[in-house]
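Architecture and fold: a report
Okay, here's what each chain looks like letter by letter:
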Amino acid sequence: LTIPARDGVPLQARLYKPAGFDPTRRYPLILYLYGEPNAPTVVDAWRSWPPGNVLYEQLLLRMGYLVATVDPRSATGATKAMENTVLKQVSGDVETSDLVDGVRWLKAQAWVDPERVGVWGWSGGGTYTLLALTRTQEFKAGISVAPVTERRYYDTKYVEPYMKTPQENPEGYDDVSLVKRAQHLHGRLLLVHGTYDDNVHTQNSWHFADELV
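Residues numbered from 1 in each chain as written. Predicted model: local features only at pLDDT ≥ 70, side-chain atom pairs only at ≥ 80, totals over all residues. Heavy atoms only, no water.

1. Let's talk about helix H7 (residues 203-212)
The condition is simple: For every residue, the accessible area (1.4 Å probe, protein chains only) is compared with the maximum for its type, and the residue is labelled buried under 20%, exposed over 50%, or partly exposed between those bounds. In DSSP terms, a helix is any run of H or I states spanning at least four residues, a strand is any run of E spanning at least two, and both are numbered starting from the N terminus. By arc we mean the arc of the directions from the helix axis to the C-beta atoms, nothing more.
The set of residues buried in H7 consists of Asn 204, Ser 205 and Phe 208. Taken end-on, H7 shows its buried residues confined to a sector of 90°, consistent with a single buried face. The outward face of H7, more than 90 degrees from its buried face, is lined by the exposed residues Trp 206 and Asp 210.

And the structure:
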């Protein structure tokens, strides 16, 4: 399905309903996020990212949850113009705005319990989950796995095409820093990180946790 953003842009979304879905009931909702530029999670295919998601989603459905995902416009890869909306501000205002529009539309549906909405994601999705919990108050709880909390800690090959270097764009790096936003955490958070990840180094979670303390 598509969900209208506040400026009329149709946001790509996917919704799974549990077996025996009753539209007269209100269900808790889990939103899965990834959100990185040009990396859509809503695709016309029987696959998911990460690949194990399909099993986890089925488990949530059996427990009676609705499971949804909404791609911010920059993630769809639909046009270069949409991808360029996050230049110098990856994980910033554009993704936050689209996230808020998506979740508020879902909360407005008669079969969603707006008081029981959670969010989770891995890697880029872990980053986006912390974005959701520090820049909005829309979610009751979240699970953030292996998040990038500081773009300065991430691979230059990926970061610099969007963010430029920290020397060229210091304000941009500061603005999207989740470490600086840790004080605004809203909702219950489960933060997960393994030491095997050679892509998102554990210092990201250590620094964020230290700010929480």
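2. Quick look at the confidence of the model for the protein chain
Here is the rule we go by: Within a predicted model, pLDDT stands for the predictor's per-residue confidence, ranging from 0 to 100.
The predicted model of the protein chain has a mean per-residue pLDDT of 93, with 97% of residues at 70 or higher. Confidence scores differ between elements of the protein chain, with helix H2 (residues 80-83) showing the lowest mean pLDDT of 90 and strand S7 (residues 188-192) the highest of 98.

3. Here we look at the environment of Val 100
The following threshold applies: A contact between two residues is defined here by any heavy atoms of the two lying within 4.5 Å.
Residue placement: Val 100 occurs in helix H3 (residues 93-107). Distance in space between the C-alpha atoms of Val 100 and Arg 135 is 9.6 Å, their sequence separation being 35 residues. Ignoring any residue separated from it by four or fewer positions in sequence, one finds Val 100 in contact with Arg 6, Thr 136 and Glu 138.

4. A word on the side chain of Thr 96
Mapped onto the fold, Thr 96 is located in helix H3. Those residues in contact with Thr 96, other than ones at most four positions away along the chain, are Leu 131, Arg 135 and Thr 136.

5. Observations regarding the packing of aromatic side chains
This is how the line gets drawn: Note on ring pairs: Phe, Tyr and Trp rings are taken, using the six-membered ring of Trp, and paired if centres are within 6.5 Å. Classes follow the plane angle, with under 30 degrees stacked, over 60 edge-to-face and the rest tilted. Two limits define a charge over a ring: the Lys NZ or Arg CZ must be within 6 Å of the ring centre, and within 35 degrees of the ring normal.
Under the criterion given, the structure shown has 6 aromatic pairs. A ring pair is formed by Tyr 154 and Tyr 158, whose centres lie 5.8 Å apart and whose planes are at 80°; its orientation type is edge-to-face. Given the relative accessible area of 25%, Tyr 158 is considered partly exposed. Each residue in the set Phe 21, Tyr 27 and Trp 111 is aromatic and connected to the rest through ring pairs, giving one cluster. Over the ring of Trp 111 we find Lys 17; its NZ or CZ atom is 5.2 Å from the centre of that ring.

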